[in-house]
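Summary of structural features
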Amino acid sequence: MFSSVDTIWTLLGAALVFFMQPGFAMVEAGFTRAKNAGNIIMKNFVDFSFGSVCFWLLGFGVMFGAGNAFIGTLDIGLFGDTIEAAAPDGVSPWSFVIFQTVFCATAATIVSGAMAERTKFSAYVIYSIVISLIVYPISGHWIWGGGFLGELGFHDFAGSTCVHMVGGVAAFVGAKVLGPRIGKYSKSGKSRAILGHSVTLGALGVFILWFGWFGFNGASTVSATGDDALNAMGSIFVTTNLAAACGVVAVVLLTWIVYKKPDVSLSLNGALAGLVGITAGCDAVSPLGAILIGLISGVVLVGGIAFIDKSLKIDDPVGAIAVHGLCGAVGTILVGFLAVDGGLFYGGGFAQLGVQFVGVVSVGAWVAVTMIVTFQIIKRTIGLRVTREEEIEGLDIHEHGLVSGYADFMPAVQAGEVSDLVSALTGSVSPTATLQSAAPLGSATDRAIPVVDAREKTEPTKFNGDSAINPYKYTKLSIITRPSGFEALDAAMHEIGITGMTVTNLLGYGMQKGNKEYYRGVEVQPHLLPKIRAEIVVCKVPVETVVAAAKKALYTGSMGDGKIFIYDVENVVKIRTGEEGYDALQDD
């Protein structure tokens, strides 16, 4: 007899966990570069699709079949009686199958982030299949399918080890075998920051994952019948949320202290660290225990990412190894300390702690060995990594024929990323160019928008009212600023009588001396950002008036307000009429 409530609760949980897939996709896409966004989406889309088929075909039977202490049965296509025997009381068998399928897909997709931006798509499909067919189901059998860890009393309620650490260890092995992205480390081995293209997408992904985790942990009761089950569901929701929140708190405070500013992307990772850490013991710890797990996971995350990146020299663009591998292991072990029933801090002695440690080591060793073999076979046959040219130009175009995932936008590009990029700021400024200012020297505006005057030093032009005595003194002003400043600049120029300018989109960068910025704990190197260059040639309107108006319009006090370059112009010729000089500047 099936319970409608239990079955619907399990199916709702499956839907919530499935919704975590776009969460993973958004985090990975946001934390990597725009030229690979399509590839990221495809990987997260395909691993669930292939994984679903593989887990139905073979994985579920291996994981939940009777078998023995180490492996289940080969119930191919689930035509046997495996699902009836495995389904919990009150839950329809196929509901339990889809619930476990989405958990399997989560383990497979974790690996994608650590190996992003340089992995062959074909290789990714193959190792995702291996994880879904063999790696995850066998270790899952040990824990949830009646295997030896379950018999020992290993406690992993919703998968800190069974799901997340499996993905994290596989990610560690894959990233190590694959090697870092081009430009990630200098010749001396110093880590370089490679900024993700959209912190907004990353944040959206984390919020989706946080939301989906209530199904991941809460629905793992696979029961919503009776007071005990209802109380457990509420308690799990509370511990899950507290751990995530405290993971964020720990990372915000720690990065604020260490890097002088709270790091955005690491703080987002902090929520995931707390969620992964609490998953094993969300049903077994008190709210205070959940707070401790969240805080410890946040600290482990920051230290782990720095250690993996700077000491081990393993390039993990999204922090998957630290989030899922380290925090999954730490969260599982902390159950041995903090479980209300049997934990060391509650008088239970070392027994449960010892079992938790054995489980973490056993699963970690299994995944490490099988994935080393898998990745080495792929590397030596079809190849694991794309070519240097493909990596530089982006996987979207080479792996999927997608010119750009952002066809109508100009994303930021890392400096030095493409060998044929030429600095857009290179010009013919005289080596003797001097800084001038239309505002008082030392003012905030002057420091924010410096003026480079490259004109020859001649007698200054004398002005009589608004008209220049020498109408043949021509000057070009090249104003480089952020695109968002164009409307204000255009309006300011119209106010002083300038009705024409040439505007060009370009890329550029600048870094103020002594002003260090950090991304995920790594000092940020200069990177190319969208800029505009507005060129204006003036004769009647005084140069000082143009400079003052431009500074007033563009000043915000932030880095990137821009610069103004001033040049002498020998002559002006209007092609349509043949007019020269002052007359050529007049638009009839």
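Everything that follows concerns the structure shown earlier in this document.
Please read all numbers here as calculations on a predicted model, not as lab measurements. (Residues numbered from 1 in each chain as written. Predicted model: local features only at pLDDT ≥ 70, side-chain atom pairs only at ≥ 80, totals over all residues. Heavy atoms only, no water.)

A few words now on the overall build of the protein. A count of helical and extended segments in the protein gives 18 helices and eleven strands. Relative to its full complement of 588 residues, the protein shows a buried share of 53%. Sequence separation of 24 or more characterises 77% of the internal contacts of the protein that already satisfy a separation of 6 or more. Of the accessible surface of the protein, which amounts to about 25,800 Å², a share of 63% is contributed by carbon and sulfur atoms. (Helix = DSSP H or I, 4+ residues; strand = E, 2+ residues; numbered from the N terminus. Buried < 20%, exposed > 50% of the residue type's maximum accessible area, 1.4 Å probe, protein only. Contact = heavy atoms within 4.5 Å. Areas by Shrake-Rupley, 256 points an atom, 1.4 Å probe, with all protein chains shown as cover.)

With that settled, consider the packing of helix 10 (residues 264-279) against helix 12 (residues 320-338). At a minimum axis separation of 8 Å, helix 10 and helix 12 run at an interaxial angle of 40°. One element, helix 10, and the other, helix 12, form an angle in the oblique class. Helix 12 is crossed by helix 10, and the crossing has right-handed handedness. On helix 12, the residues that touch Asn269, Leu272, Ala273, Val276 and Gly277 of helix 10 are Val323, His324, Cys327, Gly328 and Gly331. Here the residues of the contact of helix 10 with helix 12 are counted per class, giving five nonpolar, five polar and no charged. (Axes fitted to C-alpha atoms, helices over the stretch in contact; angles between N-to-C directions. Parallel < 35°, antiparallel > 145°, perpendicular 65-115°, else oblique. Left-handed = near helix turned anticlockwise from the far one by under 90°. Nonpolar A, V, L, I, M, F, W, Y, C, P; charged D, E, K, R; others polar.)

With that settled, the discussion passes to the packing of aromatic side chains. Overall, the coordinates contain 19 aromatic pairs when judged by the stated rule. The interplanar angle of 40° and the centroid separation of 5.3 Å between the aromatic rings of Phe70 and Phe148 together place this pair among those described as tilted. Here Phe148 lies in helix 6 (residues 148-152) and Phe70 lies in the loop between helix 2 (37-64) and helix 3 (82-86), a separation of 78 residues in the sequence. Plain terms: the ring middles of Trp142 and Trp366 are 5.9 Å apart, the flat faces sit at 55° to each other, and that makes the pair tilted. Residue Trp142 is located in helix 5 (residues 121-144), and its partner Trp366 is located in helix 13 (residues 351-380); the two are separated by 224 residues in the primary sequence. An aromatic cluster is built from Phe55, Phe60, Phe64, Phe96 and Tyr136, whose rings are joined through pairwise contacts. (Phe/Tyr/Trp six-rings, centres within 6.5 Å; stacked < 30°, edge-to-face > 60°.)

What follows is about empty space enclosed by the protein. The full count for this structure, using the stated rule, is two cavities of 30 Å³ or more. Around the largest cavity, the lining is made up of 17 residues, and of these Lys184, Asp309, Asp316, Pro317 and Arg520 lie nearest the centre. Broken down by class, the residue content of the lining of the largest cavity amounts to ten nonpolar, one polar and six charged. The volume enclosed by the second largest cavity comes to roughly 140 Å³. The wall of the second largest cavity is formed by 15 residues, among which Phe24, Val27, Val318, Ala320 and His324 lie closest to the centre. Elements with a contribution of two residues or more to the lining of the second largest cavity: helix 1 (4-30), helix 4 (93-114), helix 10 and helix 12. Here the lining of the second largest cavity is composed, by residue class, of eight nonpolar, six polar and one charged. (1 Å grid on protein atoms, 1.4 Å probe; cavity = no way out; pocket = protein on both sides within 12 Å on 5 of 7 lines; lining within 4 Å. Points joined across faces, edges and corners; volume = space filled by probe spheres on them.)

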